[in-house]
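Below, each chain spelled out in residue letters.
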Amino acid sequence: MNNKNLAFLIAFLFTACWSCNNTQSDLNHGQALGNLDSAIDPSTFMWYDKPAEKWEDALPVGNGRLGAMIFGRYGEEQIQLNEETYWSGGPYSTTVKGGYKVLPEIQKYIFEGQPIKAHKLFGRHLMGYPVEQQKYQALANLHLFFPNQDTAFNYQRSLDLKTGIATVQYSKDEINYKREIIASYPDQTILIRLTADQPGSISFDAELRGVRNSAHSNYATDYFRMDEVGEDQLKLTGKSADYLGVEGQLSYEARIKAIPEGGTISTDNDKIKIQNADAVTLYFVAATNFVNYKDVSGNESQRVEEALSKLGSRNSEAIIKDAVADYQTYFDRVWLSLPSTQTSFLPTDERMESIQYTPDPQLASLAYNFGRYLLISSSRPGTQPANLQGIWNKDMNPSWDSKYTTNINTEMNYWPVETANLSELAEPLITMIKELTDQGSDVAREHYGAKGWVFHQNTDIWRVAAPMDGPTWGTFTVGGAWLTTHLWEHFLFTQDEAFLEEIYPVLKGSVEFFMDFLVEHPNGQWLVTNPSNSPENPPEGEGYEYFYDEVTGMYYFTTITYGATMDNQILKDLFDYYVSATEILGKDEAFAQEVQTTRSRLAPSLVGKDGTLQEWTEDFGQLEDKHRHFSHLYGLYPGNVISAKETPELVDPVKKVLEQRGDGGTGFSRGWKMALWARLYDGDRANSIFKGYLKEQCYASLFAKCFTPLQVDGTFGVTAGITEMLLQSHEGYIDLLPALPSEWATGQLKGVKARGGFELDFEWEDGKLSKLTVLSTAGKTCRIQLPDGLKEFETVAGESYELL
């Protein structure tokens, strides 16, 4: 037996001994707190033999609103805490009046090949103000100080994706200690339970620390106060910072309540002191005064008191049981299992290394399930959408403000939501899209002189919609249009016509904007967007050079152009989806005909002199030839403009783009590439990219990197990419195993969703389908590719059909 397998055996036996020797009190929690089976399921069990050395490697829990990152330390534990509505600033607008008056001049410069002049005018007249936006904020850190625990043995830190419970366990002085952490949605708390296998062994101090913007303490106006409440609580209160001239209008309160079993409890110097307890349960609750993007009239203290009152009437066993049951209503819908190998039972970080030279297909199942876990933990009906870091953030000045970046990242966060059978969890994104039409309508009118609504490449919790950062990024006018495609996808998967009726005005408003905004190309044939950009890649051509930008104060480049290929593709999808919606709902027939005519005049997909699909309407080169974005391949994935079957003439130009840019890049770039190669039916290439992602752009916690900063987009992109390898349904029929890697020759996928309102369970052996059941959720016609050909049949809602 090698050392790595021995390490797993020791950890497994430690878990078994814990279950055999634990106190009766803790045994009462056995069913709720996990079981031995979970400890040996390499598709759902993440584990490590050492604490997290940095925040990015800590393990996350969340209930959609509250989030925690668990380091798993002995001696001094740190649990970093967030509340999703704690942002800088308050309600504000970035709309600048009258910018539309300068738009014709900007368009003229762009058509004449003078992009820097156009960039400067756009920066002065069409950029939103403030130019930047607000920041998601860190809330608190809970520190637990354990005396005489500078060393420990038999250590294991784990996250059980079957239950949502994170666990830390170790031995010290012949005592086995255990901490379990779960985020409860029903009770709106993060629960931390501490136990030991010998009575009277739990002693520690707890301190709830606030977080200050120390990097900018010379002008930040945030503050916090740490107080004791009675003998068993800690209270943290504070307010948000003014930022960019926007007053900080959010106030917050957070509490820790301790309930010991045996021993003593007291408070002193803002700490809870526990001595000689048999077990202890800690509850974290928090709230702000945020009501919605226009209203901050809530009462955070009242909200916290109500949460504590509810907790006070229930015991920890019931809270844990309900939390697990709630979580499993989502997680248990889908199950992916791929072949396990000897290395599948190593610690997760070691598996990420060993997969580079020894196959471990089940690690793809774990990554797939971790993406589902993060979505359940960061996006629930009634919460905010998952931002760049989900709901987890340790900084007051996080990378890219940890907000909503909509030239790829926010969209990628929700790529797996429908296929993973989590349609309800799209509600926060759907609500945000509706809210963006508010300021989006103002921006359409004042910045572009157009009807409808428009949104660009970033927003925050206050739902500002104007261009931001600078013209290099802010000229992305199709951010809102891209988001509306998620509305249509939600309809395709659910077939919910009442939902389609509800969001129809949002779709129509986006279409109305572009019907006004599109201008005629100088060739007199095409219609194009102007200004435009292809995120975030600078063209190489006449007039494009590095210069000192007065908006950003940087020596940089411009991306401003007209008719970026991505714009054309997104608008083709938007117009097509809108016309389909009018036909289903029986609305606006005349306007739909106008839209169809306009769609036919959008610039076509063009192939450049180097044989690649052009990124811009003009055949420019690239100043960054290994760029992380694949904007002009939107039409292949996630869009529906290019496909191997419908547009075979574009397959080679698309492949040349992918080959030219390579398999590297950021985490989100690699997740996107997995899906792109899957749409080209190359599963082995997608699997190779997945392995490279694990090696270079993924933390040991399975969070994705964006070079170095933690982001969740790549994590979700990988989940979506794995789905595309196993099931596709975008071409009007269901295609199973379209891009199956050779290493995944055997497997099972159950509960996955397909467009048309279908839920599928299927298995395969030696790369061929062996079992298949289709559940119809909407009673629509099913078209599915089977080994003996395409099968089409009528269905009844609620009925299952065994096809193999």
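The structure displayed is predicted, hence computed values, not measured ones.

Caption draft 1: Spotlight on the overall build of the chain. Of the regular secondary structure elements, the chain holds 20 helices and 35 strands. Here the C-alpha radius of gyration of the chain, 27 Å, is about what a compact globule of 804 residues would show, namely 28 Å. Considering the chain as a whole, with its 804 residues, one finds that 64% of them fall into the buried category. The contacts in the chain between residues at least 6 apart in sequence include a share of 69% that link residues at least 24 apart. Put simply, the chain shows about 27,300 Å² of open surface, and 47% of that area lies on carbon and sulfur atoms. Between the centroid of the 69 positive side chains of the chain and the centroid of its 109 negative side chains there is a distance of 2 Å.

Caption draft 2: Main features of the packing of helix 11 (residues 427–448) against helix 14 (residues 497–517). Across the interface, helix 11 lies against helix 14 with an axial gap of 11 Å and an inter-helix angle of 25°. Accordingly, the angle class assigned to the pair helix 11 and helix 14 is roughly parallel. Crossing hand, helix 11 versus helix 14: left-handed. Note on element contacts: helix 14 touches helix 11 through Phe 499, Glu 502, Ile 503, Val 506, Phe 513 and Phe 517, opposite Ile 430, Ile 433, Lys 434, Thr 437, Ala 444 and Tyr 448. Along the lines of polarity and charge, the residues of the contact of helix 11 with helix 14 split into nine nonpolar, one polar and two charged.

Caption draft 3: Region of interest: empty space enclosed by the protein. A full pass over the atoms with the stated rule returns six cavities of 30 Å³ or more. Space inside the largest cavity adds up to approximately 300 Å³. Considering the residues around the largest cavity, the lining is formed by 28 residues, among which Tyr 414, Trp 415, His 486, Glu 489 and Arg 755 are closest to the centre. Mapped onto the lining of the largest cavity, the elements with two or more residues apiece are helix 11, helix 13 (479–494), helix 15 (565–585) and helix 20 (713–726). At seven residues, helix 13 tops the list of elements feeding residues into the lining of the largest cavity. Each pocket or cavity is described by its volume, and for the second largest cavity that value is around 110 Å³. Forming the walls of the second largest cavity are 15 residues, and the residues nearest its centre are Gly 62, Gly 164, Ala 183, Tyr 327 and Ser 377. Going through the elements one at a time, strand 2 (59–62), strand 8 (175–184), helix 7 (316–331) and helix 9 (362–378) are the ones with two or more residues in the lining of the second largest cavity.

Caption draft 4: Geometry of unusual backbone geometry. Of note, the amide linkage connecting Asn 530 to Pro 531 takes the cis form, showing an omega dihedral of 5°. Along the chain, Pro 531 falls in the loop between strand 21 (527–528) and strand 22 (539–540). In this structure, Asn 154 takes a positive phi of about 50° despite not being glycine. Mapped onto the elements, Asn 154 comes out in strand 6 (residues 153–160). Given the relative accessible area of 41%, Asn 154 is considered partly exposed.

Caption draft 5: Seen up close, the state of the cysteines. One pass over the full model with this rule turns up zero disulfides. Here Cys 698 is not disulfide-linked; the sulfur of Cys 706 is the nearest cysteine sulfur, at 13 Å. Classification of Cys 698 by relative accessible area gives buried; the value is 6%.

Caption draft 6: Layout of the sheet that holds strand 17 (residues 335–337). Pairing within the open sheet is antiparallel, and its five strands lie in the order 17-30-31-32-35. The two strands at the open ends of the sheet, each matched to only one other strand, are strand 17 and strand 35 (800–802). Pairs of neighbouring strands in the sheet enclose a mean axial angle of 20°, with direction left out of account. Alignment of strand 30 (residues 747–754) against strand 31 (residues 758–765), held across seven bridges, turns out to be antiparallel. Looking across to strand 31, one finds that Gln 748 is bridged to Glu 763.

Caption draft 7: Local environment of a negative patch on the surface. Residues Asp 227, Glu 228, Glu 231 and Asp 268 make up a contiguous surface patch of negative charge. Assignment of secondary structure puts Glu 231 in the loop between strand 11 (223–229) and strand 12 (233–239).

Caption draft 8: Focus on the packing of helix 13 against helix 14. Relative to each other, helix 13 and helix 14 sit at 155°, their axes nearing to 10 Å. Comparing their axes, helix 14 and helix 13 come out roughly antiparallel. Here the hand of the crossing between helix 13 and helix 14 comes out left-handed. Here Ala 481, Thr 484, Leu 487, Trp 488, His 490 and Phe 491 of helix 13 come into contact with helix 14, specifically with Glu 497, Phe 499, Leu 500, Ile 503, Val 506, Leu 507, Ser 510 and Phe 514.

Caption draft 9: Molecular detail of the side chain of Thr 267. In this structure, Thr 267 sits in strand 14 (residues 264–268). With relative accessibility at 12%, the residue Thr 267 sits in the buried group. Within the structure, Thr 267 has its side chain in polar contact with the side chain of Glu 228 (distance 3.4 Å). A distance of 2.8 Å separates a polar side-chain atom of Thr 267 from the backbone oxygen of Gly 230. Excluding its chain neighbours within four sequence positions, the residues that come into contact with Thr 267 are Glu 228, Gly 230, Glu 231, Asp 232, Gln 233 and Ile 272.

About the thresholds
Residues numbered from 1 in each chain as written. Predicted model: local features only at pLDDT ≥ 70, side-chain atom pairs only at ≥ 80, totals over all residues. Heavy atoms only, no water. Helix = DSSP H or I, 4+ residues; strand = E, 2+ residues; numbered from the N terminus. Rg over C-alpha atoms; globule rule 2.2 N^0.38 Å. Buried < 20%, exposed > 50% of the residue type's maximum accessible area, 1.4 Å probe, protein only. Contact = heavy atoms within 4.5 Å. Areas by Shrake-Rupley, 256 points an atom, 1.4 Å probe, with all protein chains shown as cover. Lys, Arg positive; Asp, Glu negative; His and termini not counted. Charge placed at Lys NZ, Arg CZ, Asp CG, Glu CD. Axes fitted to C-alpha atoms, helices over the stretch in contact; angles between N-to-C directions. Parallel < 35°, antiparallel > 145°, perpendicular 65-115°, else oblique. Left-handed = near helix turned anticlockwise from the far one by under 90°. Nonpolar A, V, L, I, M, F, W, Y, C, P; charged D, E, K, R; others polar. 1 Å grid on protein atoms, 1.4 Å probe; cavity = no way out; pocket = protein on both sides within 12 Å on 5 of 7 lines; lining within 4 Å. Points joined across faces, edges and corners; volume = space filled by probe spheres on them. Disulfide = S-S within 2.5 Å. Pairing = 2+ DSSP bridges. Patch = residues over 30% accessible without salt bridge, like charges linked within 9 Å, V, L, I, M, F, W, Y side chains within 5 Å. Salt bridge = Lys/Arg side-chain N within 4 Å of Asp/Glu carboxyl O. Polar contact = N/O pair within 3.5 Å; in protein donor to acceptor, adjacent residues only side chain to side chain.

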